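A structural walkthrough
Chain by chain, the residues run as shown.
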Amino acid sequence: MNVMLIIGWFFLITSFVVLGLGVAFVLALMRASETERRHLVNNAINEMVIFGIWIAGFAASIGVLQGKPWGRWMLQYFCIVLIALCCLIAFQKGYTAWKAGERSSLIGIAIFLLPVILACGGAIYELQGPEAAAWFARP
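The rules we used
- Residues numbered from 1 in each chain as written.
- Predicted model: local features only at pLDDT ≥ 70, side-chain atom pairs only at ≥ 80, totals over all residues.
- Heavy atoms only, no water.
- Axes fitted to C-alpha atoms, helices over the stretch in contact; angles between N-to-C directions.
- Helix = DSSP H or I, 4+ residues; strand = E, 2+ residues; numbered from the N terminus.
- Parallel < 35°, antiparallel > 145°, perpendicular 65-115°, else oblique.
- Contact = heavy atoms within 4.5 Å.
- Nonpolar A, V, L, I, M, F, W, Y, C, P; charged D, E, K, R; others polar.
- Buried < 20%, exposed > 50% of the residue type's maximum accessible area, 1.4 Å probe, protein only.
- Left-handed = near helix turned anticlockwise from the far one by under 90°.
- Polar contact = N/O pair within 3.5 Å; in protein donor to acceptor, adjacent residues only side chain to side chain.

Closest axis-to-axis distance for the helix α1 (residues 3–30)/helix α6 (residues 130–137) pair is 9 Å, and the angle between their directions is 80°. If you check the angle between α1 and α6, you find them roughly perpendicular. Contacts between α1 and α6 pair Val3, Met4 and Leu5 from the former with Glu131, Ala132, Trp135 and Phe136 from the latter. Classifying every residue of the contact of α1 with α6 gives six nonpolar, no polar and one charged.

Right, let's get into the environment of leucine 5. Its location among the elements puts leucine 5 in helix α1. Exposure remark for leucine 5: the relative accessible area of 25% places this residue in the partly exposed category. A sequence separation of 121 residues divides leucine 5 from glutamate 126, and the C-alpha atoms of the two residues are 11 Å apart. Discounting residues that sit within four places of it in the chain, leucine 5 has contacts with Leu65 and Trp135.

A separate point is the packing of helix α4 (residues 69–100) against helix α5 (residues 105–127). For any two helices packed against each other, one specifies the inter-axial angle together with the distance between the axes. Remark: α4 packs on α5, axes separated minimally by 9 Å, with the N-to-C direction vectors making an angle of 165°. In this view, α4 runs roughly antiparallel relative to α5, as classed from their interaxial angle. The way α4 lies across α5 gives a crossing that is left-handed. Of the residues in the contact of α4 with α5, the class split is 20 nonpolar, four polar and two charged.

This paragraph deals with the side chain of serine 15. Inspection of the secondary structure puts serine 15 in helix α1. A relative accessible area of 0% means that serine 15 is categorised as buried. Here the side chain of serine 15 touches phenylalanine 11 through a polar contact of 2.8 Å, landing on its backbone oxygen. Other than its neighbours up to four places away in sequence, serine 15 contacts Trp54, Gly57, Phe58 and Phe78.

Listed below in structure tokens is the structure:
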């Protein structure tokens, strides 16, 4: 099986699941108490940006599966943005845990961050290789 198919399907399924969970969480917050709804309204811009990033990842994975040249650079960009966002969140949570003296939660943060960096870094590496060039050059 071609590596581009694996990468495309992996990010397609992952994006679909994450988008579905995001919609479920937003709907649950809309039905929750006034405090949770206020939290959703206050963070609406953040939520829309996150949804946009995951929709871009979904579209990019479709582009990769179809062998479209734009899918290649779009999925690389998605992976770079995802790594940056996850690192920022991990550092924020890690700093908060460190200040609170909860050093053991740093292991959980690393367990969250490591697979994201490995999957996205591996995808970026493979999308720049010769097999990807052949995949995207086919008619």
